[in-house]
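Here's the letter readout for the chains.
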Amino acid sequence: MESGAIQPTLDIDAVRADFPILNRPLPNGKRLVYLDSGASAQKPRQVLDAVLGCYETYYSNVHRGKSTLGLKVSESLEAVREKVRAFLNASSSDEILFTSGSTLALNVVALSWGRANVKAGDEIVVTPMEHHANLVPWQLLAKEIGARIRMLPMTDDGRLDLSRMDEAITSRTKLVAVTQLSNVLGTINPIKELADAAHAVGAVIVVDAAQSIPHLPTDVQELDVDFLVFSGHKLYAPTGIGVLYGRREFLEAMPPAFGGGNMIERVHDDHFTPAPLPAKFEAGTPPIAEAIGLGAAIDYVADIGLGRIAAHEHALTVYAHEQLKSLPGLVIYGPSPARKGGIISFTVQGAAAEDLNFLLDRNGIAVRHGHHCTMPLHERLGVPATIRASFGVYNTKADVDALVEGLLAARKRLRLT
Ligand code: PMP
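These lines cover the structure that appears in this document, whether it is placed above or below. (Residues numbered from 1 in each chain as written. Predicted model: local features only at pLDDT ≥ 70, side-chain atom pairs only at ≥ 80, totals over all residues. Heavy atoms only, no water.)

Turning to the site of the ligand, a few remarks are in order. The full set of residues close to the ligand is Ser102, Thr103, His131, Ala133, Thr179, Asn183, Asp208, Ala210, Gln211, Ser231, His233 and Lys234. Side-chain polar atom of Gln211 to an oxygen atom of the ligand: 2.7 Å apart, as the coordinates give it. Ser231 is positioned such that a nitrogen or oxygen atom in its side chain is 2.7 Å from an oxygen atom of the ligand. Coverage of the ligand by the protein amounts to 86% of the 400 Å² it exposes when considered alone. Tallied by class, the residues present in the shell around the ligand amount to two nonpolar, eight polar and two charged. (Near = heavy atom within 4 Å. Polar contact = N/O pair within 3.5 Å; in protein donor to acceptor, adjacent residues only side chain to side chain. Areas by Shrake-Rupley, 256 points an atom, 1.4 Å probe, with all protein chains shown as cover. Nonpolar A, V, L, I, M, F, W, Y, C, P; charged D, E, K, R; others polar.)

To continue, consider the sheet that holds strand E8 (residues 242-246). With mixed pairing, seven strands are arranged side by side in an open sheet as E2-E8-E7-E6-E5-E3-E4. Of all the strands in the sheet, the pair left with one neighbour each is strand E2 (96-99) and strand E4 (148-151). Sheet twist, expressed as the mean angle between neighbouring strand axes with direction ignored, is 20 degrees. In terms of strand pairing, strand E7 (residues 227-231) meets E8 through five bridges, oriented antiparallel. Each bridged residue has a counterpart across the sheet, and for Leu228 the counterpart in E8 is Tyr245. Helix-sheet contacts for helix H4 (residues 102-117) involve E2, strand E5 (173-179), strand E6 (204-208), E7 and E8, and the interaxial angle to E7 is about 155 degrees. (Pairing = 2+ DSSP bridges. Helix = DSSP H or I, 4+ residues; strand = E, 2+ residues; numbered from the N terminus. Axes fitted to C-alpha atoms, helices over the stretch in contact; angles between N-to-C directions. Contact = heavy atoms within 4.5 Å.)

With antiparallel pairing, the four strands of this open sheet are ordered in space as E11-E12-E15-E14. Unpaired on one side and paired on the other, strand E11 (330-333) and strand E14 (368-370) mark the two borders of the sheet. With strand direction ignored, the average angle separating the axes of adjacent strands in the sheet is 30 degrees. Direction of pairing for strand E12 (residues 343-348) relative to strand E15 (residues 386-390): antiparallel, over a ladder of four bridges. Each bridged residue has a counterpart across the sheet, and for Ser345 the counterpart in E15 is Arg388.

Here the residue pair Leu277 and Pro278 is connected by a cis peptide bond, since its omega of -5 degrees sits within 30 degrees of zero. You will see that Asn262, though not glycine, has its phi angle at about 75 degrees, which is positive. In this structure, Asn262 sits in the loop between helix H9 (248-253) and strand E9 (264-267). Positive phi, normally seen in glycine, also occurs at Arg415, with a value near 55 degrees. Here Arg415 shows up in the segment after helix H14 (397-413). Since its relative accessible area comes to 72%, Arg415 is described here as exposed. (Buried < 20%, exposed > 50% of the residue type's maximum accessible area, 1.4 Å probe, protein only.)

Shown next, in the form of structure tokens:
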């Protein structure tokens, strides 16, 4: 990935001091080497303080009545919505819907926009590198409606083959659903080109930004996307809060996905009128303190600067590729570091991913093993499971060195020659 303009490198000691969990030993006394931010990022003190501060000083339910606390907490929640709007450069905060995470947000698009717009015989285009969260909701929709799933072709090194894009995106395409950054290969996909291709045939584009949001500056207007989702917990915020961005004209026309409190204007015995945006898509009590934490997390990454975070993680990715490639039998999946974010998935010949994971974990090295919710991708890679190391703002070269040493020790333990 391009690191953009030259900027002062980040103060890694100061960053690491912000994350309490990184500064205490594990129960077995080892230093935590956290290389699993792709699954979920650790939380800085600033986010923890914001969540606790909400509960300790102004917690109440939101949008209910006009009590002092109710007003304060509702204002705080809406301020986070505005912060997310600015973070994504959406044109209105009405286009920012709070959900519990990327998975729910994608299901909302499928249940609401999908059911209203996709017809029998239409095609939904996905990519072979989609997380199940950006695949199964479309499969459910396709089955219900009688639509078809099509795959964009992918190159051997794990990039979308844009030269063959029009094999998949055709006049039958209704929707293109694509990840901005693969959670296994690390591939950064060309979202603007895909949006242009989708729009050229009258289709809409849904972007899964779950992995890209902590690493790439995201401008929904520049990318010209119709829907985009992300999860707070991968952006140093709490679990349980996520975002669905939707273009206003779509959200206005879509029926609510879920019914309940807050999403209505009026309810009668046998029908209701929905509330205006964004409440129309926010049935029930939202994750209030979690959203406050998301606001603090956005401030946190904005203060450091996403460009600086991206440059730091890119340097680590280059270094890790160099170091890991020297290990015998180690195969890295996906493109070269120039074309990817801070995710490295690999196998080691003769060693089960599960065994490696176990042996690394005993040394304090947290990675992830398995199919990472991408079974179709692993089928294409021809392996049942990979080990994934994924970087966050707090990782260092020493973490990469610990991974390499851990793998060497695991090789010995497994008696690999
Ligand atoms: N998409 C991608 C690319 C992901 O990596 C993940 C999380 N592993 C998701 C979607 C789902 O996110 P969540 O579980 O937070 O809903």
